[in-house]
Amino acid sequence: MTTKGHGGELVLAGLADQGVDAIFTLSGGHIFPVYDACVKSGVRIVDVRHEQTATFAAEGVAKLTRRPGVAVLTAGPGVTNGVSATTTAHFNGSPLIVLAGRAPQGRWGAGSLQELDHVPIVAPITKSAGTASATADIPAAVRRAVETALTPHRGPVFLDFPLDVLFGEAEAQVPPPVAPRGVEPDPDQVAAAASLVASAERPAVVAGSDVWWEGAWDAVRHLVESLRVPTFANGLGRGCLPADHELAFSRTRRALKEADVVVVVRTPLDFRLSFGSFGSAKVVHVVDSADQRPSHVQPAAFPAGDIAATLTGMAQLGAAAAGGRADHEPWIERLRDEERAAREAERPELEAGGDLVHPARVYGELRRRLDRDAVVICDGGDFVSYAGRLIDSYEPGCWMDPGPYGCLGTGLGYSIAARVCHPDRQVVALLGDGALGFSAMDVDTLVRHGLPVTMVVGNNGIWGLEKHPMRALYGYDVAADLQPGCRYDEVVRALGGAGETVSDPGQVGPALDRALASGVPYLVNVLTDPAVAYPRSSNLA
């Protein structure tokens with residue numbers, strides 16, 4: 001197809017038919033033509049207060065929709081302000097499209113405003129990074145970037161446009177839209193994986209984020225039901241098997257060390273999973289692309305390719321395994337008993353009273369009020385670690401955390417994305433008081449764009465993830481204190497939202513009710529006990 005227009009219109013032509021109905025940005029003159037094209041075509045422009053939020057919001061849209069999310073950043077500091085969020089997308093495998101302005105190429109080297117070669121900066125954290133050097137090349141360059149972002153293993157891409165190129169006009173060819181799919185997995189590897197699971201006495205599955213990204217939740221459910229395998233979830237894999245399914249487990253993750261076969265469905269074998277070491281268990285690593293093979297672990301089987309096809313093949317072959325499938329029911333029943341006992345043991349903290357609010361009490365109140373399809377966003381350290389343990393997910397695509405890069409500041413961007421994508425659902429952001437400081441001004445964005453979000457801040461006045469370990473190591477701590485009792489709710493009210501501070505455990509529930517019913521950005525500022533530290537056993541390094 002041939003089209004004609006200025007550079008901004010050609011950018012949108014390259015994005016056509018990819019499900020892009022919103023861009024996230026902070027105003028900058030280098031990118032005015034993209035805004036003009038959005039206004040003319042009806043693409044929503046969500047402008048924020050910091051480029052990191054724009055980029056996190058765009059990544060959030062990608063995570064929620066499994067389609068490209070688009071951030072449009074102005075030149076120089078606009079791009080560098082988005083680097084941490086782009087890196088987060090890199091570690092998450094999110095198809096983030098970062099489009100940026102650039103100083104004019106006709107005067108390159110003369111010192112134009114914000115003249116910076118962005119490409120070498122972002123190349124290490126993107127699948128591709130380049131510059132469109134001619135106006136007529138823009139649609140094809142954008143199409144290539146989108147295809148690269150969506151091709152397994154997905155990830156962020158970067159493309160910038162010199163000022164004179166973007167403001168220029170041209171007639172250009174628009175390539176057809178792209179919908180990349182994974183390759184067919186090696187049948188021998190699928191068969192080997194199926195045989196290992198079928199013959200195991202104590203198998204376990206870890207359903208990672210790619211179960212969501214690949215739309216494979218029905219396939220993973222078929223696999224674990226057919227072969228009767230206890231299943232744990234990681235990241236966006238949460239909810240792909242409902243938390244109340246008989247084979248879904250979360251409180252007994254130590255069982256991974258007792259399993260004899262562990263099937264990890266595309267979560268990296270990193271610190272979150274003991275670096276792929278599960279006692280004496282054999283590891284099956286199911287991935288969407290062969291380049292995701294871990295360098296530090298030798299899996300017993302490594303099916304690489306279309307994940308739904310892999311899981312479906314494992315289910316079929318495992319059920320028909322020669323000699324029949326081993327009886328997994330004693331293993332399942334033992335874990336079920338342990339899971340029930342662990343949940344019962346949580347009750348005292350979930351219902352804790354006293355003069356100070358225990359962080360778990362917040363989640364005890366919250367989980368009684370969450371809809372099954374509520375979008376839950378986590379941004380913080382100790383406070384949101386409790387969320388990871390105590391909040392259950394029941395539907396795919398409802399859990400958002402920063403991922404393995406662990407970058408604070410995702411909360412407001414992900415909240416913006418969640419409300420844009422799901423205007424009729426509950427959207428609840430769980431924030432540490434430290435994490436809130438990275439993006440609190442973007443409450444203004446929520447207000448200006450009419451995006452109601454319930455924000456719950458665990459306010460213990462410290463950097464808990466650092467203070468407690470530092471005291472254990474050195475007997476003292478530094479650079480680990482925040483302002484005790486800070487009234488973050490008043491900040492939100494000043495920006496046009498609403499909120500309240502809660503210090504009585506008995507008032508947490510009613511405050512959450514008011515927040516969820518308010519229809520506005522509402523912050524519940526819960527003063528939690530700074531002496532309580534989340535019990536941690538994982539090795540982060």
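In this report, we go over the structure that sits alongside the text. If you're wondering where the values come from, they're calculated on a predicted model, not measured in any experiment.

1. Description of the layout of surface pockets
Link 1 in the chain: Estimated volume of the second largest pocket: approximately 430 Å³.
Link 2 in the chain: Together, 16 residues line the second largest pocket, and Arg66, Leu150, Pro180, Arg181 and Trp213 are the ones closest to its centre.
Link 3 in the chain: Residue composition of the lining of the second largest pocket, by class: eight nonpolar, two polar and six charged.

2. Topic: helix α16 (residues 410-421)
Link 1 in the chain: The first and last C-alpha atoms of α16 sit 16 Å apart over 12 residues, in line with the 16 Å expected at 1.5 Å per residue.
Link 2 in the chain: For α16, the buried fraction is high: 11 of the 12 residues fall into the buried class.
Link 3 in the chain: For α16, the set of buried residues is Thr410, Gly411, Leu412, Gly413, Tyr414, Ser415, Ile416, Ala417, Ala418, Arg419 and Val420.

3. Concerning the packing of helix α13 (residues 329-350) against helix α15 (residues 382-390)
Link 1 in the chain: Interaxial distance between α13 and α15 falls to 12 Å at its minimum, and their mutual angle equals 145°. When the axes of α13 and α15 are compared, the crossing they make is left-handed. For the pair α13 and α15, the contacting residues are Glu346, Glu349 and Leu350 in the first and Tyr386, Arg389 and Leu390 in the second.
Link 2 in the chain: Broken down by class, the residue content of the contact of α13 with α15 amounts to three nonpolar, no polar and three charged.

4. A few points about the environment of arginine 181
Link 1 in the chain: Tracing the backbone through its elements, the reader meets arginine 181 in the loop between β8 (169-173) and α9 (187-199).
Link 2 in the chain: As a C-alpha pair, arginine 181 and glycine 7 span 174 residues in sequence and 30 Å in three-dimensional space.
Link 3 in the chain: In contact with arginine 181, not counting residues within four places along its chain, are Pro152 and Asp306.
Link 4 in the chain: Within polar-contact distance, the side chain of arginine 181 engages the side chain of aspartate 306 at 2.8 Å.

5. A word on the pairing of strand β15 (residues 427-432)
Link 1 in the chain: Taken across its six residues, β15 has six buried, putting it largely inside the fold.
Link 2 in the chain: Side chains of β15 alternate between two faces, with Val427, Ala429 and Leu431 and Val428, Leu430 and Gly432 buried alike.
Link 3 in the chain: Alignment of strand β13 (residues 375-379) against β15, held across five bridges, turns out to be parallel. Following the sheet pairing, cysteine 378 is matched in β15 by leucine 430.
Link 4 in the chain: The pairing of β15 with strand β16 (residues 454-459) spans five bridges and is parallel. For alanine 429, the partnering residue across the bridge sits in β16 and is methionine 455.

6. Concerning the pairing of strand β3 (residues 44-47)
Link 1 in the chain: Bridge analysis of strand β2 (residues 22-25) against β3 gives four bridges, and the strand direction is parallel. Residue threonine 25 lies in a different strand from β3, and its bridge partner there is aspartate 47.
Link 2 in the chain: Viewed along the sheet, the connection from β2 through helix α2 (residues 32-41) into β3 turns out right-handed.

7. Digging into the sheet that holds strand β14 (residues 399-400)
Link 1 in the chain: Taking strand neighbours across the sheet as the criterion, the six strands line up as β14-β13-β15-β16-β18-β17 in an open arrangement whose pairing is parallel. Two strands bound the open sheet, and with one partner strand each, they are β14 and β17 (498-502).
Link 2 in the chain: Pairing of β13 with β14 involves two bridges; the strand directions are parallel. Bridge pairing in β14 places valine 376 opposite tryptophan 399.
Link 3 in the chain: On top of the sheet, α16 reaches β13, β14, β15 and β16; it is set at about 165° to β13, its chief contact.

8. With respect to the nonpolar core
Link 1 in the chain: Core analysis: the largest hydrophobic core is formed by 52 residues, its most contacted members being Val263, Leu311 and Met314.
Link 2 in the chain: Put simply, the parts of the chain that give this core at least two residues each are α9, β9 (203-207), α10 (209-213), α11 (217-227), β11 (261-265), β12 (282-286), α12 (307-319) and α13.
Link 3 in the chain: If we ignore the near neighbours within four places in the chain, the residues touching leucine 311 are Ala216, Ala219, Val220, Leu223 and Val265.
Link 4 in the chain: Of all hydrophobic cores here, the second largest spans 47 residues; its members include Phe24, Leu64, Ile377 and Cys486.

What counts and what doesn't
Residues numbered from 1 in each chain as written. Predicted model: local features only at pLDDT ≥ 70, side-chain atom pairs only at ≥ 80, totals over all residues. Heavy atoms only, no water. 1 Å grid on protein atoms, 1.4 Å probe; cavity = no way out; pocket = protein on both sides within 12 Å on 5 of 7 lines; lining within 4 Å. Points joined across faces, edges and corners; volume = space filled by probe spheres on them. Nonpolar A, V, L, I, M, F, W, Y, C, P; charged D, E, K, R; others polar. Helix = DSSP H or I, 4+ residues; strand = E, 2+ residues; numbered from the N terminus. Expected span 1.5 Å × (residues − 1). Buried < 20%, exposed > 50% of the residue type's maximum accessible area, 1.4 Å probe, protein only. Axes fitted to C-alpha atoms, helices over the stretch in contact; angles between N-to-C directions. Left-handed = near helix turned anticlockwise from the far one by under 90°. Contact = heavy atoms within 4.5 Å. Polar contact = N/O pair within 3.5 Å; in protein donor to acceptor, adjacent residues only side chain to side chain. Pairing = 2+ DSSP bridges. Right-handed = clockwise from strand over helix to strand, strands pointing away. Core = buried A, V, L, I, M, F, W, Y, C linked by side-chain atoms within 4.5 Å.

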